[in-house]
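Tertiary structure, described
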Amino acid sequence: MTDTLESEPLVAADVFGEQLATARAFTTNLATHGEELGLIGPLELPRLWTRHILNCAIVAPLLRPGLVGDVGSGAGLPGLVLAIARPDVNFVLIEPMERRVAWLNDQVAELGLANVEVLRARAEETKREGTFDQVTARAVSALRTLIPLTAPLLRSGGELVLMKGAGAPGEITAAEKAIRKYKLRDVEVLVLGEGILSEETRVIRATVG
């Protein structure tokens, strides 16, 4: 495992600060068990820090103290990473697959994350409508499909913080009907990590109501 795991970038210390040791422990656990559990692909170890851990963590400053729902948490990207980086924010990790839920619960216990609840459910089955201050998601689905799953979870004035690729502006255009239906406003694309990370992170941010 360790002979192919990407070396920890120096910038990780700046991004995680006092939480670096916990982030390091999670990254090691993911590198050790991620492929066998079907959480990450076999080619991800040489870029695990850069493409996944730091790619998620750079979003942490966008979060506010309150309750954040992470839809389709999977391996814990971005939910667990953000919970590590922001111990002052409470998270509910929403994931339907049993083995992934087991992984998330194991990591919450092992890492001592008191700010995380894991919920086994699909986003549309959570019965948490209108309860979250912010909702995050990464690599779940196209924006036009994701909005109906995530927007109802937010309280009025709540915020979507959705991690996307370089095609984010086009996804906004394609999702115009859903944006209107769910009364999203201030829809924007943020590019994070410029000059800090080797791969920038793109986020679609929008307010509900």
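Rules behind the numbers
Residues numbered from 1 in each chain as written. Predicted model: local features only at pLDDT ≥ 70, side-chain atom pairs only at ≥ 80, totals over all residues. Heavy atoms only, no water. Core = buried A, V, L, I, M, F, W, Y, C linked by side-chain atoms within 4.5 Å. Buried < 20%, exposed > 50% of the residue type's maximum accessible area, 1.4 Å probe, protein only. Contact = heavy atoms within 4.5 Å. Phe/Tyr/Trp six-rings, centres within 6.5 Å; stacked < 30°, edge-to-face > 60°. Helix = DSSP H or I, 4+ residues; strand = E, 2+ residues; numbered from the N terminus. 1 Å grid on protein atoms, 1.4 Å probe; cavity = no way out; pocket = protein on both sides within 12 Å on 5 of 7 lines; lining within 4 Å. Points joined across faces, edges and corners; volume = space filled by probe spheres on them. Nonpolar A, V, L, I, M, F, W, Y, C, P; charged D, E, K, R; others polar. Pairing = 2+ DSSP bridges. Axes fitted to C-alpha atoms, helices over the stretch in contact; angles between N-to-C directions. Salt bridge = Lys/Arg side-chain N within 4 Å of Asp/Glu carboxyl O. Right-handed = clockwise from strand over helix to strand, strands pointing away.

1. Some points on the nonpolar core
In terms of nonpolar packing, the biggest core is built from 49 residues, with F16, F26, L30, I53, V59 and F91 touching the most fellow members. Residue contacts for F16: discarding those within four places in its chain leaves A23, W49, I53, L54, A57, V81, I84 and A85. Counting 26 residues, the second largest nonpolar core, distinct from the first, contains I94, L162, L184 and A206.

2. Things to note about the packing of aromatic side chains
Tallied over the entire structure, the rule returns one aromatic pair. Summarising the aromatic geometry, the rings of F26 and W103 are spaced 6.2 Å apart at their centres and angled 45° between planes, so their arrangement reads as tilted. Residue F26 is found in helix α2 (residues 20–33), and its partner W103 is found in helix α5 (residues 98–111); the two are separated by 77 residues along the sequence. Judged by relative accessible area, F26 falls into the buried class, the value being 1%. Relative accessible area serves as the criterion here: at 3%, W103 is assigned to the buried category.

3. Looking at the layout of surface pockets
Approximately 380 Å³ is the volume found for the largest pocket. Around the largest pocket, the lining is made up of 22 residues, and of these G72, G74, E95, R100 and V140 lie nearest the centre. Considered class by class, the residues forming the lining of the largest pocket number 12 nonpolar, five polar and five charged. In this structure, the second largest pocket encloses a volume near 160 Å³.

4. Looking at helix α3 (residues 48–57)
By the criterion of burial, α3 is predominantly enclosed, with nine of the 10 residues buried. Taken together, the buried positions of α3 are occupied by L48, W49, T50, H52, I53, L54, N55, C56 and A57.

5. Some points on the sheet that holds strand β7 (residues 201–208)
Across a sheet, strands are paired by hydrogen bonds formed along the backbone, either parallel or antiparallel in direction. Here we have seven strands laid out as an open sheet, ordered β3-β2-β1-β4-β5-β7-β6, and mixed in their pairing. At either end of the open sheet lies a strand with only one pairing partner, and these are β3 (116–120) and β6 (184–192). Sheet twist, expressed as the mean angle between neighbouring strand axes with direction ignored, is 20°. As judged from the six bridges shared by strand β4 (residues 132–138) and strand β5 (residues 154–164), these two strands associate in the parallel manner.

6. Thoughts on the pattern of salt bridges
Under the defined criterion, the tally for this structure stands at 11 salt bridges. Measuring nitrogen to oxygen at the nearest pair gives 3.4 Å for the salt bridge that ties E159 to R64. Separated by 95 residues along the polypeptide, E159 in strand β5 and R64 in the loop between α3 and β1 (67–71) bring together distant segments of the chain. For E159, a relative accessible area of 9% gives the class buried. E171 is the partner of K164 in a salt bridge, and the nearest nitrogen-oxygen pair spans 3.0 Å. For K164, a relative accessible area of 15% gives the class buried.

7. Some details on the environment of T22
Along the chain, the position of T22 falls in helix α2. C-alpha separation for the pair T22 and V11, spaced 11 residues apart in sequence, amounts to 15 Å. Non-local contacts of T22, meaning those with residues more than four positions away in its chain, are made with I84, L111 and L113.

8. So, the pairing of strand β2 (residues 90–95)
Counting buried residues in β2 gives five out of six residues, a clear majority hidden from the surface. Of the pairings in the sheet, the one linking β1 to β2 comprises five bridges and is parallel in character. Following the sheet pairing, D70 is matched in β2 by L93. Considered for its hand, the β-α-β crossover made up of β1, helix α4 (residues 79–85) and β2 is right-handed. Regarding the hand of the β-α-β motif, the stretch spanning β2, α5 and β3 is right-handed.

Just geometry here; none of it tells us what the structure is for.
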